[in-house]
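If you want the building blocks of each chain, they are given just below.
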Amino acid sequence: MAKPPKSKVAEPAAPAPEKRDAPMRIAKAMARAGLCSRREAERWIADGRVSVNGKLLRTPAVEVGPADKVFVDGKPLPTAEPPQLWRYHKPKGIVTTHSDPEGRPTVFDKMPPEMPRVISVGRLDFNTEGLLLLTNDGALARHLELPANGWVRRYRVRAKGRVSPADLAKLKDGVTVEGVAYGPIEASVDSVQGANTWLSISIREGKNREVRKVLSHLGLTVNRLIRVSFGPFQLLDLAPGAVEAVRRRILVQQLGPKASEALGFSESQAERKARHARGKAASEADD
């Protein structure tokens, strides 16, 4: 007798990204305008440098919207720059943080002077190299980082030791290492060179040092780790240390219409109607 088909458990859908014109905490609005980080914004508020609608702020627990008049040091809050995304080829030996207590060089120290203030989409650790996505928009960063969006992170890995295809195949069901549960991992051997094995690894969550810890669990010691893609965005021939903007059209295609509209990359239906109405009115005026 035929076995009944197994029921599939639906994966949770990714939450819709927050709209750019929605009310937001004052510190977030200041960060989005490119003035400072959220933490710095909270310190500026405590120092009495920020006012909203003519009243000096004493707490960051305030939401502001497009109609509110925000002043910092007596000057109007700058208009937030349009959201952008960049590909960056992170070299080995720099950290993905804005400041390092050990004084090590950071990704953001290496940005060209014409770059606006940016944040990273996730992180790559000190000894990991390859593709790092950067953006000037926190909402976009959070949307791209969500595991629920299902964007795969792919790596090329050089590790000392040997591993069997059977052990790698078991990773497809996930694995728990030192009490941490890791989701499904796709892994295969590309080649063997002396004492080292080159592998291709694909993960979806990107937990802290995930690839290194999982391969160590299998008896391999990672000595080179290169991220070659994040979702549809690839490292390709981008030179180490180089940064390149992702074209807006490509980003809209990859995000989809709903996320693109919410994140400010494309017009809403109401905005399109208003633009068409303005165009029609201008045409009639010319007649």
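Our subject is the structure listed above.
Described in the following lines is the structure provided in the data block. Not measured: the values here are computed from a predicted model.

What to know about the overall build of the protein
- Across its full length, the protein carries eight helices and 17 strands.
- In the protein, which comprises 287 residues, the share counted as buried stands at 38%.
- Contacts in the protein between residues at least 24 apart in sequence constitute 63% of all its contacts with a sequence separation of at least 6.
- Working note: accessible area of the protein is about 16,900 Å², and carbon and sulfur atoms make up 51% of it.

With respect to helix α5 (residues 210-217)
- Inspection of α5 places Glu210, Val211, Arg212, Val214 and Leu215 among the buried residues, and these make up the whole buried set.
- Its buried side turned inward, α5 meets β9 (128-135), β10 (153-160), β11 (175-177), β12 (180-182), β14 (196-203) and β15 (221-230).
- Glycine 219, located one to two residues past α5, shows a positive phi value of around 90°.

Here's the deal with the environment of tryptophan 151
- In this structure, tryptophan 151 sits in the loop between α3 (138-145) and β10.
- Setting aside anything within four residues of it in sequence, one finds tryptophan 151 in contact with Leu144, Ile203, Arg204, Phe230, Gly231, Pro232, Phe233 and Gln254.

Overview of the pairing of strand β13 (residues 186-193)
- Bridge count for β13 against β14 is seven bridges, and the pairing is antiparallel. Bridge pairing in β14 links valine 192 to threonine 197.
- Counting the residues that bridge the hairpin from β13 to β14 gives two residues, and of these glycine 194 lies at a positive phi of roughly 60°.

Some points on unusual backbone geometry
- Non-glycine residue glutamate 178 carries a positive phi angle of around 50°.
- Relative to the assigned elements, glutamate 178 resides in the loop between β11 and β12.
- Classification of glutamate 178 by relative accessible area gives exposed; the value is 77%.

The rules behind these values
Residues numbered from 1 in each chain as written. Predicted model: local features only at pLDDT ≥ 70, side-chain atom pairs only at ≥ 80, totals over all residues. Heavy atoms only, no water. Helix = DSSP H or I, 4+ residues; strand = E, 2+ residues; numbered from the N terminus. Buried < 20%, exposed > 50% of the residue type's maximum accessible area, 1.4 Å probe, protein only. Contact = heavy atoms within 4.5 Å. Areas by Shrake-Rupley, 256 points an atom, 1.4 Å probe, with all protein chains shown as cover. Pairing = 2+ DSSP bridges.

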